[in-house]
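Observations on the model geometry
So the chains spell out like this:
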Amino acid sequence: MTTRRTRPAPRPPEGTPPRAELARQARAVLADAVRIAHWAAGTPGPGTAAPLAAHALERAATALELSPAQVRAGWDRARLAGLVELHGDTARPGWRLRAWDRDDSAVLRGWVALFDAWSLVHAAPEGIEAGAVAEAVEAVPQVLSLLQLSAGPVTVPALLDLLGQRVAELHEERCEVPLGPGRTAPAASAAPARTAADRSATAGPARSADLNALLLDWALEGLAAVGALTLGKGHATLTPLGNWAVWVKLEQICVAAQSPAGNIEQSAADMLLGCARLTPGPARDEYRAWLAARTVGSAVAELLAVARGEDALLRGLAFEALRVVGAPAEPEVRAVIAEPSLRPYALLWLAEYEGNDPDEAQDVLSREEATWLWVDTAAAVADHGETGLLVRHLDSAVQGTVPALLDEVRAVGHPRTVQVLVALAAAHPDPALAKAVRRAAFQVHTGGA
């Protein structure tokens, strides 16, 4: 046994409203989005895809007594907050919409998803190159941290100074040194034509300050649009919701810094390999720390990319990490059901997510899917486990007899079938059974019956 000091449960800053009050405020921010989501979910037929079709926009505006602009804005918020899910041209209620009136945690997660997507809610100024916009988005967390630590209004000049410093740091990190005395720009004939906005991003301190000011105004307006802050004359102040959200994200960074096994900065594949020999509890702690250091979307995408690889062990571990992600991963997991190599894992994940007992979740798999999963798990054991585990893995097959298992394994078409059967034959102590398994491996290899 090991002894590890645990960090006491953090408390929100003094003056933070209770979660029920924060949820009430989040419901108020998303009230129009919820109305539109209910309308879209109850509207039969196509026409509610993104962006909202013109005829659906008109119907929604009439039914809800909102302007078309309000409907369009509410529709975008509903999608970003996970209130609706799009399946082709049909909108269906998302899990958060179903839990909206009874689950404060679902409401707060939905609002945080909208908060994270502020740059999509409020369109960037036209004519600004994408790189400058991306830098501003990357610098905003520092701006929010200053607002949170100040616990009150912060002047726009102070925020602008911080934004400029952070953008300069990003340039330095990327070795983007501005032109100085004695250095010349490339000849005009050798460089592509640039717009005035492009030139303004690199034309000197005065114009850079103007560009930063324009981008700061955009960011503050975008954050105000999602209810994270309020704007006064020359200053900005976090709302209780915004203050709480920034505090939560700072706490996540602190948790990430305390990764017990030191895998926080690793790729998903290396992190999962580092967790492979941990018991379930410490492994979940490691998954949580790794996830806390990343946005949910990027973490889920990276885990699913690993799951699509050739290493069966990492495939299984990736879905264990996705269990820690929980509800925010549900749309992405549901989307991979059509991929044969991920389908059994995704079905089991969804069954457990929907409340099925893990021991009974296997019932959602067809016999063929269960056999495919048996081979995939055997491949993981063969690659990373001990021979005894591979022999014991026989007991988990749904077929009940080795001849029936071999018949169905040959038919399932898993790419690792031959290697798994060869490894099982080499590991099994019964000569007769080992011979039958080797024969099956040969038949799969040669394409025989």
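In this text, all values refer to a predicted model and were calculated from it rather than measured experimentally.

1. Regarding the pairing of strand 4 (residues 229–232)
- Here strand 4 runs beside strand 5 (residues 235–238); their pairing, made up of four bridges, is antiparallel. Paired with leucine 229 across the strands is leucine 238, a residue of strand 5.
- Following strand 4, the chain reverses through two residues before pairing antiparallel with strand 5; glycine 234 in that reversal takes a positive phi of roughly 80°.

2. A word on the packing of aromatic side chains
- Across all of its chains, the model carries four aromatic pairs by this definition.
- Ring centres 4.9 Å apart and planes at 50° place the aromatic pair tryptophan 118 and tryptophan 218 in the tilted group. Of this pair, tryptophan 118 sits in helix 7 (residues 118–121) while tryptophan 218 is found in helix 11 (residues 205–225), placing the two residues 100 residues apart along the sequence. Here tryptophan 118 and tryptophan 218 have matching classes, each one buried.

3. Quick look at the sheet that holds strand 3 (residues 154–155)
- Pairing within the open sheet is antiparallel, and its three strands lie in the order 3-5-4. Strands at the two margins of the open sheet, each flanked by one partner only, are strand 3 and strand 4.
- Contacts from helix 8 (residues 130–150) reach strand 3, strand 4 and strand 5 within the one sheet, and its direction differs from that of strand 5 by about 75°.

4. Focus: the nonpolar core
- Of all hydrophobic cores here, the largest spans 61 residues; its most connected members are Leu83, Trp111, Phe115 and Leu147.
- Examining the composition of this core, we find that eight residues originate from one element, helix 8, more than from any other.
- Contact partners of leucine 83, with chain neighbours within four places excluded, come to Ala33, Val34, Ala37, Ala78, Arg92, Pro93, Gly94, Arg96, Leu97 and Trp100.
- Core analysis: the second largest hydrophobic core is formed by 60 residues, Met271, Tyr287, Ala321 and Leu421 among them.

5. Quick notes on the pairing of strand 5
- As paired elements, strand 3 and strand 5 share two bridges and run antiparallel to each other. Counterpart to threonine 155 in the pairing with strand 5 is histidine 235.

6. Some details on the side chain of histidine 428
- Within the secondary structure, histidine 428 is located in the loop between helix 22 (417–427) and helix 23 (431–446).
- Histidine 428 sits in the buried class, given a relative accessible area of 16%.
- Within polar-contact distance, the side chain of histidine 428 engages the backbone nitrogen of aspartate 430 at 3.1 Å.
- For histidine 428, the residues in contact, after removing those within four places along its chain, are Val391, Leu394, Leu433 and Ala434.

7. Quick notes on the confidence of the model for the chain
- The share of residues in the chain with pLDDT of 70 or more is 81%, and the mean pLDDT across the chain is 79.
- Counted against residues more than four places away or in other chains, residues 45–50, with its pLDDT under 50, gives 23 contacts.
- Note that pLDDT drops below 50 for residues 176–207; the model gives that stretch 17 contacts with residues more than four away or on any other chain.

8. Some details on the pattern of salt bridges
- On inspection of all chains with the given rule, the structure shows 15 salt bridges.
- Between aspartate 76 and arginine 79 there is a salt bridge, and its shortest N-O distance comes to 3.0 Å. Note that aspartate 76 and arginine 79 are positioned in helix 4 (residues 68–80) at a spacing of three residues, about one turn of the helix.
- Residue aspartate 76 is classed as partly exposed on the basis of its relative accessible area, which comes to 29%.

9. A few points about the environment of valine 107
- When you line up the elements, valine 107 lands in helix 6 (residues 104–116).
- Expressed as a C-alpha distance, the spacing of valine 107 and arginine 24, which sit 83 residues apart in the sequence, is 8.6 Å.

Conventions adopted
Along every chain, residues carry numbers that run from 1 in the direction the sequence is written. Thresholds applied to this predicted model are a pLDDT of at least 70 for local features of residues and 80 or more for the giving and counting of side-chain atom pairs; totals over whole chains, interfaces and linings are not thresholded and use all residues. Hydrogen atoms and water are omitted, and side-chain values are computed over all heavy atoms in the structure. At least two DSSP bridges between two strands are required for those strands to pair. Secondary structure counts use DSSP, requiring at least four H or I residues in a row for a helix and at least two E residues in a row for a strand, with both numbered from the N terminus. Two aromatic rings, drawn from Phe, Tyr or Trp (for Trp, its six-membered ring), form a pair once their centres lie within 6.5 Å of each other, and the interplanar angle then sorts them: stacked below 30 degrees, edge-to-face above 60, tilted otherwise. Working definition: with a 1.4 Å probe on protein chains only, accessible area under 20% of the residue-type maximum means buried, over 50% means exposed, and in between means partly exposed. Pairs of residues are marked as contacts when any of their non-hydrogen atoms sit within 4.5 Å. Axes here refer to lines fitted to C-alpha atoms; in helices the fit is confined to the stretch in contact. Angles between the N-to-C directions go from 0 to 180 degrees. Definition used in this section: a nonpolar core is a set of buried Ala, Val, Leu, Ile, Met, Phe, Trp, Tyr and Cys residues joined via side-chain atoms within 4.5 Å. Each polar contact in these results corresponds to two N or O atoms within 3.5 Å; when the atoms are within protein, one needs to be able to donate a hydrogen and the other to accept it, and residues that are neighboring in sequence are counted only if both atoms are side-chain atoms. One number per residue, pLDDT, summarises how confident the predictor is, and it ranges from 0 to 100. For this analysis, a salt bridge means a side-chain nitrogen from Lys or Arg found within 4 Å of a carboxyl oxygen belonging to Asp or Glu.

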